[in-house]
Amino acid sequence: MNLRHDMELRHLEHFVAVAEERSFTRAAARVHLVQSALSVSIRSLERELGGRLFDRTTHRVELNDAGRALLVEARNALAAVNAARDAVAAVHGGLRGTVRIGIMNSMTLIDLAAVLTRYQQERPNVHIVPSPAQGGSMELAGKVIDGSLDLAFAALPSDYPPGLTVQTLASEPMLLACPDDHPIARRRVIPLSELDGERFVEFPPGWGTRLSVDRMFLESGVRRLIAVEVADVPTVVELVRAGFGFAFLSDSLASGSRALSLRPVEPEPVFEVSLITASDRRPSAAAQALIDLVLATFGASS
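Residues numbered from 1 in each chain as written. Predicted model: local features only at pLDDT ≥ 70, side-chain atom pairs only at ≥ 80, totals over all residues. Heavy atoms only, no water.

Quick word on the packing of aromatic side chains
Counting across every chain of the model gives 7 aromatic pairs. Taken together, a centroid distance of 5.5 Å and an interplanar angle of 50 degrees make the contact between phenylalanine 15 and phenylalanine 54 tilted. One end of the pair, phenylalanine 15, is in helix H1 (residues 9-21); the other, phenylalanine 54, is in strand S1 (residues 54-56), with 39 residues separating them in the sequence. Judged by centre distance (5.0 Å) and plane angle (5 degrees), the ring pair of phenylalanine 203 and tryptophan 207 falls under stacked. A connected cluster of aromatic rings, assembled from ring pairs, spans Phe200, Phe217, Phe246 and Phe248. (Phe/Tyr/Trp six-rings, centres within 6.5 Å; stacked < 30°, edge-to-face > 60°. Helix = DSSP H or I, 4+ residues; strand = E, 2+ residues; numbered from the N terminus.)

Quick look at the side chain of serine 252
Structurally, serine 252 can be placed in the loop between strand S10 (247-250) and strand S11 (260-263). For serine 252, a relative accessible area of 13% gives the class buried. Here the side chain of serine 252 touches glutamate 172 through a polar contact of 2.3 Å, side chain to side chain. A polar side-chain atom of serine 252 sits 3.2 Å from a polar atom in the side chain of serine 250. Residue contacts for serine 252: discarding those within four places in its chain leaves Thr108, Leu109 and Glu172. (Buried < 20%, exposed > 50% of the residue type's maximum accessible area, 1.4 Å probe, protein only. Polar contact = N/O pair within 3.5 Å; in protein donor to acceptor, adjacent residues only side chain to side chain. Contact = heavy atoms within 4.5 Å.)

Considerations on the pairing of strand S5 (residues 151-154)
Taken residue by residue, a regular strand's side chains alternate between the two faces of the sheet. On S5, burial covers both faces: Leu151 and Phe153 on one face and Ala152 and Ala154 on the other are all buried. Sheet topology places S5 next to strand S13 (residues 270-278); 3 bridges connect them, and they run antiparallel. Considered in S13, the bridge of alanine 154 is made with serine 274. (Pairing = 2+ DSSP bridges.)

A short note on the confidence of the model for the chain
For the chain, the mean per-residue pLDDT works out to 88, and 94% of the residues sit at or above 70. Long-range and interchain partners of residues 1-6, a stretch whose pLDDT sits below 50, account for 11 contacts in this model, where long-range means more than four residues apart. (pLDDT = per-residue confidence, 0-100.)

Observations concerning the packing of helix H5 (residues 112-122) against helix H9 (residues 285-298)
Packed helices, taken two at a time, are described by their axes: the angle between them and the distance between them. One way to put it is that H5 packs onto H9 with a least axis distance of 10 Å and a crossing angle of 135 degrees. It follows that H5 is oblique to H9 by the angle criterion. Considering only the axes of H5 and H9, their crossing is right-handed. Only Ala286, Ala289, Leu290, Leu293, Val294, Thr297 and Phe298 of H9 make contact with H5, whose side of the interface consists of Leu112, Val115, Leu116, Arg118 and Tyr119. When its residues are assigned to classes, the contact of H5 with H9 shows 10 nonpolar, 1 polar and 1 charged. (Axes fitted to C-alpha atoms, helices over the stretch in contact; angles between N-to-C directions. Parallel < 35°, antiparallel > 145°, perpendicular 65-115°, else oblique. Left-handed = near helix turned anticlockwise from the far one by under 90°. Nonpolar A, V, L, I, M, F, W, Y, C, P; charged D, E, K, R; others polar.)

Regarding the pattern of salt bridges
A full pass over the atoms with the stated rule returns 22 salt bridges. Arginine 68 is paired through a salt bridge with aspartate 65; the nearest N and O atoms lie 2.3 Å apart. Note that arginine 68 and aspartate 65 are positioned in helix H4 (residues 65-91) at a spacing of 3 residues, about one turn of the helix. One salt-bridge network, held together by shared partners, links Glu20, Glu21, Arg26, Arg30, Arg75 and Asp146. (Salt bridge = Lys/Arg side-chain N within 4 Å of Asp/Glu carboxyl O.)

Quick word on the nonpolar core
Ranked by internal contacts, the top residues of the largest apolar core, which has 56 residues, are Phe153, Leu195 and Phe248. Setting aside anything within four residues of it in sequence, one finds phenylalanine 153 in contact with Ile101, Gly102, Ile103, Met104, Met107, Ile110, Leu112, Leu140, Leu169, Ser274, Leu275 and Val294. Residues Val18, Leu45, Val61 and Leu70 belong to the second largest nonpolar core, which totals 20 residues. (Core = buried A, V, L, I, M, F, W, Y, C linked by side-chain atoms within 4.5 Å.)

A closer look at helix H3 (residues 35-49)
Structural remark: α-helix, 3.6 residues per turn; residues separated by three or four positions point the same way. The terminal C-alpha atoms of H3, which comprises 15 residues, lie 21 Å apart, in line with the 21 Å expected from a rise of 1.5 Å per residue. Taken as a whole, H3 has its buried residues at Leu38, Ser39, Ser41, Ile42, Leu45 and Glu46. Burial along H3 is one-sided: seen end-on, the buried residues are contained in an arc of 160 degrees. Exposed residues lying more than 90 degrees from the buried face of H3 are Ser36 and Arg47. Where H3 terminates, the next one or two residues include glycine 50, which has phi positive at roughly 80 degrees. (Expected span 1.5 Å × (residues − 1). Arc of directions from axis to C-beta.)

Here is the structure:
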């Protein structure tokens, strides 16, 4: 879809606000308009495009197919305008703007906090908005592609979806976690075949750690019983300690856990953290500065 040049940017901003908030009331507050004025703006945009963009009911507002198609283009158009503004601001007194960052629930393999602290000290006029995702790395990848995020840190074990630039920052093997007093804790290396039919405490589907383990079991033809799914690393550790099942964790994820043994498995899954950005969308000047700092700090192996 090509946006007409005479379409007003404010209409696109209003449209994106309603699409993301799924409420005219919340969107109106976000863009500092009365609700009636926001409704007029959306109707004007729909007339310009020749069709409705939302399915409205008494209790909710949802994008229809046309609205979903426009949302990606609208975000790209607004990002391009913001990038131009940022570039001019950089020439006239430093970077400004907002950088939206997707982060995983556990970021212990890289010291992201130190990088963000340095960035904020050097560029105090840039507003950083971290955004965790309960849906894990798959959700983060989708949000970078659709423009909800400027960049993200993700840990998918295989090919990422099309539309992304992926740069690996760090990796480490994932190990079998079990209670200290479990017989398997005394083994030096455990063949994966010996875990056939065992109970496991797992992260939700979509998490990079889960996808890596799923792929390993599938390729090896070994079965496992998923006893429980938990979207929280400390809880996984506690459930393993309590004997609910095994889990695959990396050293950084299980750091400091007591009464827990980590044993290597053959073959071993890998936990790999990468920086992902949209391959078809130019980052704003503020986002590019952060990308450059991340790569300078951690390097990129691919």
